[in-house]
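Spelled out from the first residue to the last, the chains are:
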Amino acid sequence: MMTSTTDLWKSGAALLLLSFAAACGSPTTEGMSNAQPVTDGGNATPVYEEDREGVGEGGSSTCAEPGATIPGFVLAENVCGPIRQTVCGSFTHAGKYSIDIAINYNTSVVSPAGGTVVTARSNIPDTCSYPNLDGRDALRLTGECPETGTDYGNYIAIAPDDPNLPSLYVAHLKEGGVDVVLGEHVTQGQVIGHSGSTGFSTASHLHFGCVTRGSESGTFPTAACSFTWRARDSNAVQTGQPEEGDTVCGLAAGG
Ligand SMILES: [Zn+2]
C-alpha cells in the first residue's frame with residue numbers, strides 16, 4: 001500500500017528525472033520506475049546508496065590528492081548525466097575516488113581507457129536493488145539477492161594498458177549488463193556494459209571509481225585518481241573531480 005508521501009515523492013522524482021532527461025537530450029525515463037524513495041529527516045530526497053563497507057574509513061581528507069587522471073569517460077559521446085555523489089562524498093563515498101552519475105536504465109557504458117577486464121559480475125537480478133541493509137536482508141531471505149557480494153550489484157573492473165593508471169570499475173549494472181568477458185582486451189570508448197540499479201542503489205545510476213591495481217575484487221579498495229569529462233554547455237574537456245549537481249557528458253572515443 002502506497003502512502004501519500006510516497007506518491008508525492010514519486011511525482012516529484014518523475015518531474016526531476018524528466019528534467020534531467022530533457023537536459024541531456026534523452027527523452028526516455030525507462031527504468032526509472034524502479035526508483036525507491038528514501039527519506040531523510042522528513043525530506044523526501046532520492047539517494048543512491050551502495051558499498052556500505054568502507055563508509056567512514058579513511059575520511060574525506062584521504063581524497064585530497066588527485067592522483068592519475070583517467071583519460072576518458074564512461075559515457076558515450078553526447079550522453080550526459082548529473083553527478084549525485086562525488087569523490088569522498090559523505091554519504092557512501094568516504095575515502096573513495098568514485099563518482100555516481102544518474103543515468104537511465106540500460107544506458108551504454110564505455111571503457112574510459114584501453115585495458116584488460118580483470119573482474120566482472122552480471123548475475124545479480126534487477127530485483128536485487130535495495131536502499132538499506134534491512135532491504136538487502138529481506139531480499140536475501142526471498143532468494144532475490146545472493147548471500148554475499150551484492151552491494152555493488154553487477155560490475156566490471158578494467159586494468160588499463162597504461163601502467164601508471166589505477167584499475168577502473170563501474171558498478172550497479174543491470175542484470176546481464178556486462179558485455180565483456182574476463183581477460184578480454186577492450187579499447188577506449190568500447191561499449192562494455194549497460195547501466196542499472198543492482199545492489200545498494202535506489203535509482204538507476206552508475207558508480208565509477210578507481211581501485212588499487214592487483215586488488216580488484218568485489219570490495220574494490222580505493223586508489224587516487226581524477227576524472228575526465230565533457231562540459232555540457234561549453235563542450236570543453238574537463239579533468240579533476242566534478243561537483244555534486246554538475247551534469248557531465250561523455251567524450252568521443254579517444255577524445
Ligand atoms: Zn557510488
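This text follows the structure it describes.
If you're wondering where the values come from, they're calculated on a predicted model, not measured in any experiment.

1. Section: the overall build of the protein chain
Then comes step 1: Summing up its helical and strand segments, the protein chain has two helices and 17 strands in all.
Then comes step 2: Across the protein chain, every contact between residues at least 6 apart in sequence was considered, and the portion connecting residues at least 24 apart equals 73%.

2. Points about unusual backbone geometry
Then comes step 1: Not every positive phi belongs to a glycine, and Asn78 is a case in point at roughly 70°.
Then comes step 2: Here Asn78 lies in the loop between β3 (68-69) and β4 (80-85).
Then comes step 3: For Cys88, which is not a glycine, the phi torsion comes out positive at approximately 60°.
Then comes step 4: Residue classification places Cys88 among the buried residues on the basis of 20 C-beta atoms within 10 Å.

3. Quick look at the nonpolar core
Then comes step 1: Tyr155, Ile156, Tyr169 and Val170 are the most contacted members of the largest nonpolar core, which totals 48 residues.
Then comes step 2: Counting residues per element, this core draws most heavily on strand β10 (residues 167-178), at six residues.
Then comes step 3: For Ile156, the residues in contact, after removing those within four places along its chain, are Val117, Ala120, Tyr169, Val170, Val178, Val180, Ile192 and Gly193.

4. Remarks on the pairing of β4
Then comes step 1: The buried fraction of β4 amounts to six of the six residues, a majority that puts the element mostly inside the structure.
Then comes step 2: As judged from the three bridges shared by β4 and strand β17 (residues 247-249), these two strands associate in the antiparallel manner. Its bridge partner being in β17, Pro82 is matched across the sheet by Thr247.
Then comes step 3: With two bridges joining them, β4 and strand β5 (residues 98-101) adopt antiparallel strand pairing. Across the sheet, Gln85 pairs through a bridge with Asp100, a residue of β5.

5. A few points about the environment of Leu133
Then comes step 1: In this structure, Leu133 sits in helix α2 (residues 133-142).
Then comes step 2: With 67 residues separating them along the chain, Leu133 and Phe200 place their C-alpha atoms 8.4 Å apart.

6. Things to note about the pairing of strand β14 (residues 206-211)
Then comes step 1: Buried residues dominate β14, accounting for six of its six residues.
Then comes step 2: With burial as the criterion, each face of β14 is covered, one bearing Leu206, Phe208 and Cys210 and the other bearing His207, Gly209 and Val211.
Then comes step 3: Of the pairings in the sheet, the one linking β5 to β14 comprises four bridges and is antiparallel in character. Looking across to β14, one finds that Ile101 is bridged to Leu206.
Then comes step 4: One ladder, built from five bridges, connects β10 with β14; its direction is antiparallel. Residue pairing for β14: Leu168 is matched across the bridge by Cys210.

7. With respect to the environment of His205
Then comes step 1: Within the secondary structure layout, His205 lies in the loop between β13 (199-200) and β14.
Then comes step 2: In sequence terms His205 and Ile101 are 104 residues apart; their C-alpha atoms lie 5.4 Å from each other.

8. Thoughts on α2
Then comes step 1: In terms of burial, α2 is a largely surface element, one of the 10 residues being buried.
Then comes step 2: Positive backbone phi, at 90°, marks Gly143, one or two positions downstream of α2.

Basis of the calculations
Residues numbered from 1 in each chain as written. Predicted model: local features only at pLDDT ≥ 70, side-chain atom pairs only at ≥ 80, totals over all residues. Helix = DSSP H or I, 4+ residues; strand = E, 2+ residues; numbered from the N terminus. Contact = placed C-beta atoms within 7 Å. Buried ≥ 20, exposed ≤ 12 C-beta atoms within 10 Å, placed from the backbone. Core = buried A, V, L, I, M, F, W, Y, C linked by C-beta atoms within 7 Å. Pairing = 2+ DSSP bridges.

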